[in-house]
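Chain residues, written in single-letter form:
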Amino acid sequence: MTDDEADGESESDRELHPDDDPYVLQGRQPHPFWAESVAEQILERVADDSDRDPDDPIVIKGGISPSGVPHLGNMNEIVRGYFVAEALRERGREVRQVFTADDRDPLRKLPRKLADLDGNVVDLGDVNAGALGRNLGKPYTDIPDPFGCCDSYGDHFSNLIERSAELLGIPVEMVSNTELYESGEFEDVTRYLLENRERAREVLSHYQDKVDEEYVPFNPVCEECGKITETVTAVNLGEDGTESGEATVEYVCTDMEAGDQTIEGCGHEGTATLREGKLPWRFEWPAQWQVLDHEPFGKDHAEGSWPSGADVARNVLEIEPPHPMAYEWFTLDGEPFSSSEGHVIMVQDALELLEPETLRYFFTKDPSKARDFSIEHLDQLVDEFDRFERIYYDQQEADETDETIAEAAYPPVVRPAVAARFDEDGDPVADPDPESVPVVDAIRRAQANELVDGRFRDRVRLPYTFAAVLGMTDDPDLREEIARRECHLPSEAPEWTVEFALARVRRAREWARRTGNEFDYELKRTEMPDVDLDPETEAALDELADFVEEGRDPDEIQGEIYETAKRHDLDIGEFFGVGYRLFFDDDEGPKLGPFLAKLDREFVLARLRREG
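Residues numbered from 1 in each chain as written. Predicted model: local features only at pLDDT ≥ 70, side-chain atom pairs only at ≥ 80, totals over all residues. Heavy atoms only, no water.

Visitor: Can you walk me through the sheet that holds strand β17 (residues 371-373) in this structure?
Guide: Note: strands within a sheet are paired through backbone hydrogen bonds, in either parallel or antiparallel orientation. The three strands are arranged β16-β15-β17 in an open sheet whose pairing can be described as mixed. Where the open sheet ends on each side, the last strands, each with one partner, are β16 (335-336) and β17. Across three bridges, the pairing between strand β15 (residues 330-332) and β17 is parallel. Opposite Phe-330, over in β17, you have Arg-371 as the bridge partner. (Pairing = 2+ DSSP bridges. Helix = DSSP H or I, 4+ residues; strand = E, 2+ residues; numbered from the N terminus.)

In structure tokens form, the structure reads like this:
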């Protein structure tokens, strides 16, 4: 959403209309999968609208102000909306999913971090920071792109959002607020609000202290300095016989308060048309709702902008607000996302560690609960997804709730991957690029659904930590040999499933590298390191091999390493060092017992017995 109009809030004495409470609506969920419940609620509301053509598409919307790096948390607006849109499409409804860039908002402060179009996060000093610093207070679309690759900073940000949606296989129509203003799309509603500014003031005064009798719900762009100003001195709606009949406002370019700093105005006195400015956020958001049916938004807006927006919609614009849904925020490794501090992960970055379907799965979780995206424990998320997939294919026992959720959520999670993996004839595609393809066409959708329940059932997922173990060798043939030896690849598996399974190794290897975890070592598989061993140490290694051969768990192996060293009167630290040299040709490594338990047993036994 936007950071516009963040100041001057007051405790409201207004009560929400029952249909506008996002938390009450979320509580009415007859279906275990939240998106199915939301879809049913939208259809009920649409059916009750007698003025609506039943053949009109249902519009699902998200939006954000381009104020920093668009991170995974921002994608809630798109991916949550996607699952609702898919549930509606499964019910035979045409759906448009749109995303508005609130790019006529003013730049209020300099971000510390930015991202290029490939998703690489950089410091402000690494780009043309002056392009931003000289333009505080101006609309994002009037500010040069500090990377020099797009028409404006706002356009650069919109491209990043659009690319993120494309990588996830989500069909989103990007809408620029600047274009809506300049094309006149907002002109009628702006005129209406100015005509009814007394009523607009009265409603907004319940939510913002700064609304007084001189408040005007329009912020012109100064023709002299290009900054947005909030000081309108007169309103002319064209009723006084002016030659053009065009509505205008007169203004003074005054200072703008932006947090703890002041952006100075130039003092220019001028006149602006209704296309040469913007509505304040508290009115701009409801103005977008005139053609919308559903919009997810973060909990900050559920407690702030949403109540005032719903009030403005009903009691000023006299329209129904869209079906609301508030979602809790994500955290990243236990800390809030922060674009300004660079504590973010973008879709592009996440997809270097996860398959797109696993990342989509993360958004299927209950939006009313906060979620942590933990890079350190990413293996747990992958394991959850793999279980979710097995439940769908009746390959894992689960309770009725989990089965119902999988039945509803798995197809939209995996359908974009299936569409990328198989061509229109249903034949496998080698090394698909992209890895996710939007599926909207009815014929292609039916084919994808058939493939999900048909050929895609043969897919193979390597356990994520096992894939990380395979990533400790660069030899692709050896990776496949080990995976087959450990029965993770069936002997009769078709070629596409082998490629599909081994593709996870690259991502798991990258996860190990970024976290520096126990798998971030080079395993010496092809030849045994030259290690000088005395007879007592050799005997101890043979005993340890016999113990491992019995199929012991990680903690048991770790404990046995200690006990074996004690029985043979060996220094425990030196005995662990022998293990590290045998497997890594290094003096240190991960916690040895649990690590050996994750390796293929044949290799572990051969190495402990010095057999190659």
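Visitor: Looking at this structure, how should I read the pattern of salt bridges?
Guide: If charged atoms from side chains of opposite charge come close, those side chains can pair. Taken as a whole, this structure holds 44 salt bridges when the rule is applied. Between Asp-105 and Lys-278 there is a salt bridge, with the nearest N and O atoms lying 3.4 Å from each other. Of this pair, Asp-105 sits in the loop between β2 (95-101) and β3 (113-115) while Lys-278 sits in strand β12 (residues 277-278), and the two are 173 residues apart along the sequence. Residue Asp-105 shares its accessibility class with Lys-278, and that shared class is buried. (Salt bridge = Lys/Arg side-chain N within 4 Å of Asp/Glu carboxyl O. Buried < 20%, exposed > 50% of the residue type's maximum accessible area, 1.4 Å probe, protein only.)

Visitor: Can you walk me through the packing of aromatic side chains in this structure?
Guide: When we look at a pair of aromatic rings, we describe it by the centre distance and by the angle of the planes. Per the counting criterion, the structure on display carries 32 aromatic pairs. For the pair Phe-456 and Trp-496, a centre-to-centre distance of 6.3 Å together with 20° between the ring planes defines the contact as stacked. Note that Phe-456 is positioned in the loop between α16 (442-452) and α17 (464-470) and Trp-496 in helix α19 (residues 495-515), a separation of 40 residues in sequence. Look at Phe-456 and you get buried, because its relative accessible area is 0%. (Phe/Tyr/Trp six-rings, centres within 6.5 Å; stacked < 30°, edge-to-face > 60°.)

Visitor: Hey, could you run me through the pairing of β2 in this one?
Guide: Residues in a regular strand point their side chains to alternate faces of the sheet. Counted residue by residue, β2 has six buried out of seven residues, so it is predominantly covered. As paired strands, strand β1 (residues 58-64) and β2 are joined by seven bridges and run parallel to one another. Bridge pairing in β2 links Lys-61 to Val-98. The parallel pair β1 and β2, bridged by helix α3 (residues 76-90), forms a crossover whose chirality is right-handed. (Right-handed = clockwise from strand over helix to strand, strands pointing away.)

Visitor: For this particular structure, what's the right way to read unusual backbone geometry?
Guide: Working note: non-glycine residues mostly have negative phi, and peptide bonds are mostly trans. A cis amide bond links Asp-433 to the next residue, Pro-434, at an omega of 5°. Here Pro-434 shows up in the loop between α15 (400-421) and α16. Of note, Glu-318 is a non-glycine position whose phi angle comes to about 60°, a positive value. Looking at the secondary structure, you find Glu-318 in the loop between α11 (305-317) and β14 (323-327). Even without being glycine, Asp-569 reaches a positive phi, approximately 55°. Of note, Asp-569 is situated in the loop between α21 (554-567) and α22 (572-584).

Visitor: Please explain the packing of helix α20 (residues 535-549) against α22 as it appears in this structure.
Guide: Pairs of packed helices are described in terms of their axes, by the angle between the two and the distance that separates them. Their axes nearest at 11 Å, the elements α20 and α22 cross at an angle of 75°. Judged on the interaxial angle alone, α22 and α20 are roughly perpendicular. Contacts from Thr-537, Ala-540 and Leu-541 in α20 reach Phe-575, Val-578 and Leu-582 in α22. Partitioning the contact of α20 with α22 into residue classes produces five nonpolar, one polar and no charged. (Axes fitted to C-alpha atoms, helices over the stretch in contact; angles between N-to-C directions. Parallel < 35°, antiparallel > 145°, perpendicular 65-115°, else oblique. Contact = heavy atoms within 4.5 Å. Nonpolar A, V, L, I, M, F, W, Y, C, P; charged D, E, K, R; others polar.)

Visitor: For this particular structure, what's the right way to read the side chain of Thr-358?
Guide: Inspection of the secondary structure assignment puts Thr-358 in helix α13 (residues 356-362). Overall, Thr-358 belongs to the buried group, its relative accessible area being 0%. Here Thr-358 is in contact with Leu-381, Val-382, Phe-385 and Arg-504, once residues within four sequence places are set aside.

Visitor: Looking at this structure, I do not really get helix α14 (residues 378-392). What am I missing?
Guide: Residue pairs three or four apart in sequence face the same way in an α-helix, which turns once every 3.6 residues. When the terminal C-alpha atoms of α14 are compared, their 22 Å separation across 15 residues agrees well with the 21 Å that a helix rising 1.5 Å per residue should span. Of the residues one or two after α14, Asp-394 is the one with positive phi, at around 55°. (Expected span 1.5 Å × (residues − 1).)

Visitor: Any chance you could explain the nonpolar core here in plain terms?
Guide: Side chains that are nonpolar tend, in soluble globular proteins, to be buried together. Formed by 124 residues in total, the largest nonpolar core has its most connected members in Leu-359, Phe-373 and Phe-583. Broken down by element, the residue count for this core peaks at nine residues, all from α19. Residues in contact with Phe-373, not counting those within four places in the same chain, are Leu-72, Thr-331, Leu-332, Asp-333, Ile-345, Ala-350, Leu-354, Leu-359, Phe-362, Leu-378 and Leu-381. Core analysis: the second largest hydrophobic core is formed by 37 residues, Leu-194, Leu-237, Val-312 and Ile-319 among them. (Core = buried A, V, L, I, M, F, W, Y, C linked by side-chain atoms within 4.5 Å.)

Visitor: Hey, could you run me through a negative patch on the surface in this one?
Guide: On the surface, Glu-527, Asp-530, Asp-532, Asp-534, Glu-536, Glu-538, Asp-569, Asp-585, Asp-586 and Glu-588 cluster together into a patch of negative charge. On the secondary structure map, Asp-586 appears in the loop between α22 and α23 (592-598). A residue is classified by how much of its surface remains accessible, and Asp-586, at 34% relative accessible area, is partly exposed. (Patch = residues over 30% accessible without salt bridge, like charges linked within 9 Å, V, L, I, M, F, W, Y side chains within 5 Å. Areas by Shrake-Rupley, 256 points an atom, 1.4 Å probe, with all protein chains shown as cover. Lys, Arg positive; Asp, Glu negative; His and termini not counted. Charge placed at Lys NZ, Arg CZ, Asp CG, Glu CD.)

Visitor: So what exactly am I meant to see when it comes to the environment of Leu-274 here?
Guide: As for its position among the elements, Leu-274 is in the loop between β11 (269-273) and β12. Judged by its relative accessible area of 1%, Leu-274 falls in the buried class. Between the alpha carbons of Leu-274 and Tyr-181 there is a distance of 7.9 Å; along the sequence they are 93 residues apart. With residues up to four places along the chain from it excluded, the contact list for Leu-274 reads Tyr-181, Glu-187, Thr-190, Arg-191, Leu-194, Phe-218, Ala-247 and Val-249.

Visitor: How should I be thinking about the sheet that holds strand β7 (residues 232-236) in this particular structure?
Guide: Here three strands make up an open sheet; going across it, the order is β7-β8-β11 and the pairing antiparallel. Whereas interior strands pair on both sides, the edge strands pair on one side only; in this sheet they are β7 and β11. For this sheet, the mean angle separating the axes of adjacent strands, direction not counted, is 20°. With five bridges joining them, strand β8 (residues 248-252) and β11 adopt antiparallel strand pairing.

Visitor: Could you clarify how one ought to interpret the environment of Tyr-207 in this entry?
Guide: Summarising the element assignment, Tyr-207 is placed in the loop between α8 (197-204) and β6 (219-220). Note on Tyr-207: relative accessible area 7%, which makes it buried. Put simply, Tyr-207 and Thr-331 are 124 residues apart on the chain and 28 Å apart in space, counted from C-alpha to C-alpha.

Visitor: Could you clarify how one ought to interpret the confidence of the model for the chain in this entry?
Guide: Parts of the model with low pLDDT should not have their predicted coordinates read in detail. In this model, the chain carries an average pLDDT of 90, and 94% of its residues clear a pLDDT of 70 or more. Within the model, pLDDT remains below 50 along residues 1-7, and this stretch shows 39 contacts once partners closer than five positions in the same chain are excluded. (pLDDT = per-residue confidence, 0-100.)

Visitor: Whenever I open this one, α11 confuses me. Can you help?
Guide: Here α11 is 13 residues long, yet its end C-alpha atoms lie only 16 Å apart, well below the 18 Å a rise of 1.5 Å per residue gives. Counting buried residues in α11 gives 12 out of 13 residues, a clear majority hidden from the surface. Taken together, the buried positions of α11 are Ser-305, Trp-306, Pro-307, Ser-308, Gly-309, Ala-310, Asp-311, Val-312, Ala-313, Arg-314, Val-316 and Leu-317. At the C-terminal side of α11, Glu-318 shows a positive phi close to 60°.

Visitor: I would appreciate a short explanation of the environment of Asn-177 in the present structure.
Guide: Summarising the element assignment, Asn-177 is placed in helix α6 (residues 177-183). A relative accessible area of 0% means that Asn-177 is categorised as buried. With 76 residues separating them in the primary sequence, Asn-177 and Ala-101 have C-alpha atoms 6.1 Å apart. Discounting chain neighbours no more than four positions away, the residues touching Asn-177 are Thr-100, Ala-101, Asp-102, Asp-103, Phe-186, Glu-284 and Gln-288. Side-chain polar atoms of Asn-177 contact the side chain of Gln-288, separated by 3.2 Å. (Polar contact = N/O pair within 3.5 Å; in protein donor to acceptor, adjacent residues only side chain to side chain.)

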